[in-house]
Amino acid sequence: MNRSFWAGRRVFVTGHTGFKGAWLCLLLERLGAQVAGYALAPPTNPSLYDLADAGARVSSTTADLRDLGRLTEAMRAFQPEVLLHMAAQSVVLAAYQDPVENYSTNVLGTVHVLEAIRTALAGTPRAQPLAVVNVTTDKAYLNQQWPWPYRETDTLGGRDPYSNSKACAELVMQSYRDSFFAPERLAEHGVAVASARAGNVVGGGDWTPHQLVPAVIAAAQRGEPVALRNPAGVRPWQHVLDCLHGYLCLAERLALAPQVAIGQWNFGPGADEVYNVAQVTELIARHWRLQPAWTRASAETPREEHELRLDCSLAARHLKWRCALDTPTAFDWVAHWHLQVERGATPRQACEAQIDAFLARIGAAEGRA
């Protein structure tokens, strides 16, 4: 990642009030970008966006993705150079509870983002293509129950409503790319589009309901073991800053070398980092000296896939991206964030300290490359 690329860069972010969005606002602020955000009010209370004052330097519009007119006008007014579409209903259990809201937000919302780009931004003269990153998930793959990681060319699907809705969002993006933003007509429309399929993202300041890390932190702070739905489940865990670094590397390459970057990309930990839910629970809980760290939940819950892993070699090879934090370190950073806040640091101070440490780490790694 070239930090000078981001200085003064106009970046439009959907979903900026969520957990990942708040971290992204703070990271882009550190990089010197100009940021406009479009989202509903923060989805949780408490929220990192509010507690860390992540919107302090963001031109923010509070509105629904499904309001196409409002979204189009916000994009037209800001005229971004980079657009990161992160707004989504992101909780598997919530999608089971309200599948209509889930599909409406994740599928129609993506249609509206791409349609607003088509009508308000495409064809506008600019020095570089508009870089559009459509953020989806590893769960967009049709889970075949096989033991090896999924590659970008594997079949999309998703059996539960959330996973299926994100696969649909991928297909929407591919249709818009082929119909309106074809790479061979880039000089005409000026829009370079790619999707980013990240694994399970963890970090300090996440209070999303029905998610593992917030549940473990809350239980550890109470001195109680957490009840796990699927302790043997394997996921591609990664720190939020590693994930966001991947999105920014992709956006930068879309702007500077679009013919290389247009397409689909996985972002996750190394193939040899295989940790299940029970193991990562223990990685967090050890910071509060909690023993035992977990128990098995007694109530039945909706079906979730047992194992999800990603092959991220494409991003390593062509974007020069890989996780800077291994899995144990990522969970150490999560625990340290909450412990810092418990000891009196503000959430913004805790975020900024980790952002600075992360930027120093990737800078040192790039210097050695």
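Numbering of residues starts from 1 in each chain and follows the order in which that chain's sequence is written. In view of the model being predicted, local features appear only for residues whose pLDDT reaches at least 70, and side-chain atom pairs are presented and counted only at 80 or more, with totals across whole chains, interfaces and linings using the full set of residues. Side-chain figures throughout are based on the complete set of non-hydrogen atoms in the structure, without hydrogens or water.

1. Description of the overall build of the chain
Then comes step 1: We count a stretch as a helix when DSSP gives it H or I for four or more residues in a row; a strand needs E for two or more, and each element gets its number in order from the N terminus. Check the secondary structure of the chain and you find 15 helices and 13 strands.
Then comes step 2: Atoms considered for the radius of gyration are the C-alpha atoms alone. The globule rule reads 2.2 Å times the number of residues to the power 0.38. Scaling as 2.2 N^0.38, a compact globule of 369 residues should have a C-alpha radius of gyration of about 21 Å, and the chain matches this with 19 Å.
Then comes step 3: Here's how the labels work: a residue is buried when its accessible area is under 20% of the maximum for its type, exposed when over 50%, partly exposed in between, all with a 1.4 Å probe on protein chains only. Counting the 369 residues in the chain, one finds 58% classified as buried.
Then comes step 4: Note on definitions: a residue-residue contact is assigned when non-hydrogen atoms from the two residues lie within 4.5 Å. Sequence-distant contacts in the chain: of pairs separated by 6 or more residues, those separated by 24 or more amount to 81%.
Then comes step 5: By element, 50% of the accessible surface of the chain is carried by carbon and sulfur atoms, the whole surface being about 14,900 Å². Note on areas: Shrake-Rupley with a 1.4 Å probe; residue coverage comes only from the protein chains shown.

2. As for empty space enclosed by the protein
Then comes step 1: Think of a 1 Å grid over the protein atoms and nothing else: a 1.4 Å probe that fits but is trapped marks a cavity, an open set flanked by protein within 12 Å on at least five of seven lines marks a pocket, and residues with an atom within 4 Å of a point count as lining. Grid points are joined across faces, edges and corners, and a volume is the space filled by probe spheres set on the points. According to the stated counting rule, one finds two cavities of 30 Å³ or more in the structure shown.
Then comes step 2: Arg-235, Pro-236, Gly-268, Pro-269, Gly-270, Ala-271, Glu-273, Val-274, Leu-308, Arg-309 and Leu-310 are the residues that line the largest cavity.
Then comes step 3: Roughly 60 Å³ of volume is contained in the second largest cavity.
Then comes step 4: Along the wall of the second largest cavity there are 13 residues; nearest its centre are Gly-18, Phe-19, Thr-44, Ser-47 and Leu-48.

3. What to know about the nonpolar core
Then comes step 1: For this analysis, a nonpolar core means a set of buried residues of the types Ala, Val, Leu, Ile, Met, Phe, Trp, Tyr and Cys, connected via side-chain atoms within 4.5 Å. Among the nonpolar cores identified, the biggest contains 69 residues, and Trp-6, Trp-23, Leu-84, Tyr-247 and Leu-250 are the most heavily contacted of them.
Then comes step 2: In terms of residues, this core owes the most to one element, helix 10 (residues 240-256), which gives 11 residues.
Then comes step 3: Among all residues touching Tyr-247, those that are not within four sequence positions of it are Lys-20, Leu-84, Met-86, Val-133, Val-135, Ala-196, Ala-198 and Phe-267.
Then comes step 4: Judged by nonpolar contacts, the second largest core, of 26 residues, contains Ala-36, Ile-117, Leu-121 and Met-173.

4. Details of the UniProt feature "domain: NAD-dependent epimerase/dehydratase" (unreviewed entry) in the chain
Then comes step 1: UniProt positions are given in the numbering used here, feature names are shortened, and annotations may be inferred rather than shown by experiment. Per the UniProt entry, the sites bearing "domain: NAD-dependent epimerase/dehydratase" (unreviewed entry) are residues 11-256 in this numbering.
Then comes step 2: For residues 11-256, the end-to-end C-alpha separation is 15 Å, with 43% helix and 18% strand making up the annotated structure.

5. What about the pattern of salt bridges?
Then comes step 1: For this document, the term salt bridge refers to a Lys or Arg side-chain nitrogen within 4 Å of an Asp or Glu carboxyl oxygen. Applying the stated criterion across every chain, the model contains 17 salt bridges.
Then comes step 2: Arg-57 is the partner of Glu-29 in a salt bridge, and the nearest nitrogen-oxygen pair spans 3.9 Å. In this pair, Glu-29 sits in helix 2 (residues 19-31) while Arg-57 sits in the loop between helix 3 (48-51) and strand 3 (58-62), placing the two residues 28 residues apart along the sequence.
Then comes step 3: One salt bridge connects Arg-30 with Glu-352, and the closest N-O pair in it is separated by 3.8 Å. Pair noted here: Arg-30 is in helix 2 and Glu-352 is in helix 15 (residues 347-368), with a separation of 322 residues, a long-range link.
Then comes step 4: Arg-30 sits in the partly exposed class, given a relative accessible area of 35%.
Then comes step 5: Within this structure, Glu-29, Arg-30, Arg-57, Arg-348, Glu-352 and Asp-356 form a network of salt bridges that share partners.

6. Quick look at helix 10
Then comes step 1: Helix span, expected: 1.5 Å multiplied by one less than the number of residues in the helix. When the terminal C-alpha atoms of helix 10 are compared, their 24 Å separation across 17 residues agrees well with the 24 Å that a helix rising 1.5 Å per residue should span.
Then comes step 2: Across the 17 residues that make up helix 10, a large majority, 15, are buried.

7. A few points about the sheet that holds strand 11 (residues 263-267)
Then comes step 1: If DSSP finds at least two bridges between two strands, the strands pair. Across the sheet, seven strands lie side by side as 3-2-1-4-5-6-11; this open sheet has parallel pairing. The two strands at the open ends of the sheet, each matched to only one other strand, are strand 3 and strand 11. The mean angle between the axes of side-by-side strands here comes to 20°, regardless of whether they run parallel or antiparallel.
Then comes step 2: As judged from the five bridges shared by strand 2 (residues 34-39) and strand 3, these two strands associate in the parallel manner. Geometry is summarised by axes, namely lines fitted to C-alpha atoms with helices restricted to the contacting stretch, and by angles between N-to-C directions that run from 0 to 180 degrees.

8. Overview of helix 7 (residues 161-179)
Then comes step 1: For helix 7, spanning 19 residues, the distance from its first C-alpha to its last is 26 Å, which sits close to the expected 27 Å at 1.5 Å a residue.
Then comes step 2: Pairing of N or O atoms within 3.5 Å defines a polar contact, subject to two protein rules: one partner must be a possible hydrogen donor and the other a possible acceptor, and residues neighboring in sequence count only if both atoms are side-chain atoms. Here helix 7 starts with a cap whose side-chain oxygen sits 3.2 Å from the backbone nitrogen of Tyr-162, and that cap is Asp-160.

9. Regarding the side chain of Arg-348
Then comes step 1: Mapped onto the elements, Arg-348 comes out in helix 15.
Then comes step 2: Arg-348 has contacts with Leu-26, Glu-29, Leu-51, Ala-52, Asp-53, Ala-54 and Ala-56, leaving out every residue within four places of it along the chain.

10. A closer look at the pairing of strand 2
Then comes step 1: In terms of burial, strand 2 is a largely internal element, five of the six residues being buried.
Then comes step 2: Relative to strand 2, strand 1 (residues 10-14) runs parallel, the two sharing five bridges. Across the sheet, the residue bridging to Val-13 is Gly-37, located in strand 2.
Then comes step 3: Seen with the strands pointing away from the viewer, any crossover whose path from the first strand over the helix to the second strand runs clockwise is right-handed. For the segment spanning strand 1, helix 2 and strand 2, crossover handedness is right-handed.

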